[in-house]
Amino acid sequence: MADLFDNPMGLDGFEFIEFAAKEKGILEPVLDILGFTHVANHRSKDVTLWRQGGINFVVNYEKKHPSAYYAEEHGPSACGMGFRVKDAPKAYARALELGAQPVDVPTGPMQLRLPAIRGIGGAILYLIDRYEEGASIYDIDFEFIDGVDRHPEGCGFEIIDHLTHNVYRGRMAYWADYYEKLFNFREIRYFDIKGEYTGLTSKAMTAPDGKIRIPLNEEAGSNGQIEEFLMAYNGEGIQHIAFSCDDLLGCWDRLKARGMRFMTPPPETYYEMLEERLPGHGEPVDELKKRGILMDGSTEAGDPRLLLQIFSENLVGPIFFEFIQRKKDEGFGEGNFKALFESMERDQIRRGVLKTEEEA
């Protein structure tokens, strides 16, 4: 994909997401259900590599490492992410010049030094410049497991589409400026969602390469979903990770067969209104309804631009996952956002986290 605007850091997509927990056995079942395979082990650290399609997940149990301190504070978590860049030392130097806070990542003999800066909520943001045509960080720092496919298909997901972060109220503009100043991100969407009792605002930021998308959410009132996340997570961080695929119906079936638990589906009326919302969409409504898959987009001028999406339940602490298929639509399911928000609000009421006016 061609750069959308000036790309001073040479960004080229997500390289990996890093996870951490204080003990083993919590993250691994989640990754298995998602369709990831354990493909390699770090040569000297207590770190493993899990893959599905072009998605890399790194699970870090190394002691006295920034990820360990993050897990101590937040519990099982997505503690960091890697941005692929053209020249990591150059990108790192530029980030520090612009005020980024460096993170000291321990490096052993004959291992790559991974430059990193502090991101949202203290998470680690790595700058990685190795590409597949040469020796990658995985070829140098990891040993692949014999007999295991290095690029497993899993459930059929190919790339990380976006990472949505929840931030403290009043901090959304600060973090939007962080990404804009350091990486030349731009705001491409803005949401102001109000449910019956709570609300949120969201800025969807995208990188110059068009591959790294980071929506930022903040609470618009009190006792809402963002505040509940911040309390449960003990701070700001990744709310959900979205995977993209070419066949969401088939991917859903594979996820379900592995035991995936999905968020409560929308009411039946949602599907009854699809033809009214998106006339001539051409999608199999009965199949979508059977799986609880949402659909958004536009069908103006007889040119359907659609987004199919569905969400898991919370799987890593308060973090959940989104599964999407883009059919020429580059949005984030704006038409579904309110329906999803209200569904989560009803779930909060059911669990007693949110009190209605009658109960207050």
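Cut-offs used in this document
- Residues numbered from 1 in each chain as written.
- Predicted model: local features only at pLDDT ≥ 70, side-chain atom pairs only at ≥ 80, totals over all residues.
- Heavy atoms only, no water.
- Helix = DSSP H or I, 4+ residues; strand = E, 2+ residues; numbered from the N terminus.
- Buried < 20%, exposed > 50% of the residue type's maximum accessible area, 1.4 Å probe, protein only.
- Lys, Arg positive; Asp, Glu negative; His and termini not counted.
- Salt bridge = Lys/Arg side-chain N within 4 Å of Asp/Glu carboxyl O.
- Polar contact = N/O pair within 3.5 Å; in protein donor to acceptor, adjacent residues only side chain to side chain.
- Contact = heavy atoms within 4.5 Å.
- Core = buried A, V, L, I, M, F, W, Y, C linked by side-chain atoms within 4.5 Å.
- Domains from an automatic or database assignment.
- Phe/Tyr/Trp six-rings, centres within 6.5 Å; stacked < 30°, edge-to-face > 60°.
- Pairing = 2+ DSSP bridges.
- Axes fitted to C-alpha atoms, helices over the stretch in contact; angles between N-to-C directions.
- Arc of directions from axis to C-beta.
- Disulfide = S-S within 2.5 Å.

Per an unreviewed UniProt entry, the recorded name for the protein is 4-hydroxyphenylpyruvate dioxygenase, and the organism is Simiduia aestuariiviva.

The subject of this paragraph is the side chain of Glu18. As for its position among the elements, Glu18 is in strand S1 (residues 14-20). Arg118 is the oppositely charged side chain nearest to the buried, salt-bridge-free Glu18, at an N-O distance of 9.0 Å. Within the structure, Glu18 has its side chain in polar contact with the side chain of Tyr126 (distance 2.7 Å). In contact with Glu18, other than residues within four places in its own chain, are Val58, Asn60, His65, Ser67, Ser77, Ala78, Cys79, Gly80, Met81, Ile124 and Tyr126.

With that out of the way, let us pick up the environment of Ala232. Here Ala232 is to be found in helix H6 (residues 225-233). Among the residues examined, Ala232 registers a relative accessible area of 52% and is labelled exposed. Placed 87 residues apart in sequence, Ala232 and Ile319 show a C-alpha to C-alpha distance of 9.9 Å.

Formed by 87 residues in total, the largest nonpolar core has its most connected members in Phe57, Phe83, Phe183 and Phe323. Considering every element that reaches this core, the biggest residue donor is helix H5 (residues 172-183), with seven residues. Looking at which domains feed residues into this core, each of domain 1 (11-144) and domain 2 (159-351) gives three or more.

Looking now at the pattern of salt bridges. Per the stated rule, a full pass over the model turns up 18 salt bridges. A salt bridge links Lys203 to Glu187, with the shortest nitrogen-to-oxygen separation between them at 2.7 Å. On the criterion of sequence distance, the pair formed by Lys203 in strand S11 (residues 199-206) and Glu187 in strand S10 (residues 186-194) is long-range, its members being 16 residues apart. You can call Glu187 partly exposed: its relative accessible area is 40%. Residue Lys289 is joined to Glu268 by a salt bridge in which the shortest nitrogen-to-oxygen separation is 3.5 Å. One end of the pair, Lys289, is in helix H10 (residues 285-291); the other, Glu268, is in helix H8 (residues 268-272), and 21 residues separate them in sequence. What you see here is one network of salt bridges that share partners, running through Asp253, Glu287, Lys290 and Arg291.

What describes a pair of aromatic rings is the distance from one ring centre to the other and the angle between the planes of the rings. This structure, assessed with the given rule, holds 24 aromatic pairs. With a centroid separation of 5.2 Å and 35° between ring planes, the pair formed by Phe157 and Phe323 is classed as tilted. Remark: Phe323 occurs in strand S16 (residues 320-327) and Phe157 occurs in the loop between strand S8 (142-144) and strand S9 (159-167); sequence separation between them is 166 residues. Residue Phe157 shares its accessibility class with Phe323, and that shared class is buried. Pairing Phe183 with Phe185 gives two aromatic rings, centres 6.1 Å apart and planes at 70°, and the pair type is edge-to-face.

Strand S13 (residues 237-245) sits mainly inside the fold: nine of its nine residues count as buried. Sheet topology places S9 next to S13; seven bridges connect them, and they run antiparallel. Bridge pairing links His162 to Ala242 in S13. Direction of pairing for S13 relative to S16: parallel, over a ladder of six bridges. In the sheet register, Phe243 faces S16, and the bridge partner there is Phe323.

Taking strand neighbours across the sheet as the criterion, the eight strands line up as S6-S7-S5-S1-S4-S3-S2-S8 in an open arrangement whose pairing is mixed. Strands with a single pairing partner mark the edges of an open sheet, and in this sheet they are strand S6 (116-118) and S8. Adjacent strand axes in the sheet meet at a mean angle of 30°, parallel and antiparallel pairs treated alike. Here three bridges tie strand S2 (residues 37-42) to S8, and the two strands are oriented antiparallel to one another. Following the sheet pairing, Ala40 is matched in S8 by Phe144.

Burial in helix H7 (residues 248-257) covers these residues: Leu248, Cys251, Trp252 and Leu255. Buried residues of H7, seen end-on, are gathered within an arc of 105° and therefore sit on one face of the element. Looking at the buried positions of H7, the neighbouring elements they touch are helix H1 (27-33), S13, H10, strand S15 (305-311) and S16. Phi turns positive one or two residues past the end of H7, at Gly259, with a value near 100°.

So, on to the state of the cysteines. Counting across every chain of the model gives zero disulfides. The cysteine Cys251 is free of any disulfide, with Cys245 supplying the nearest cysteine sulfur at 3.6 Å.

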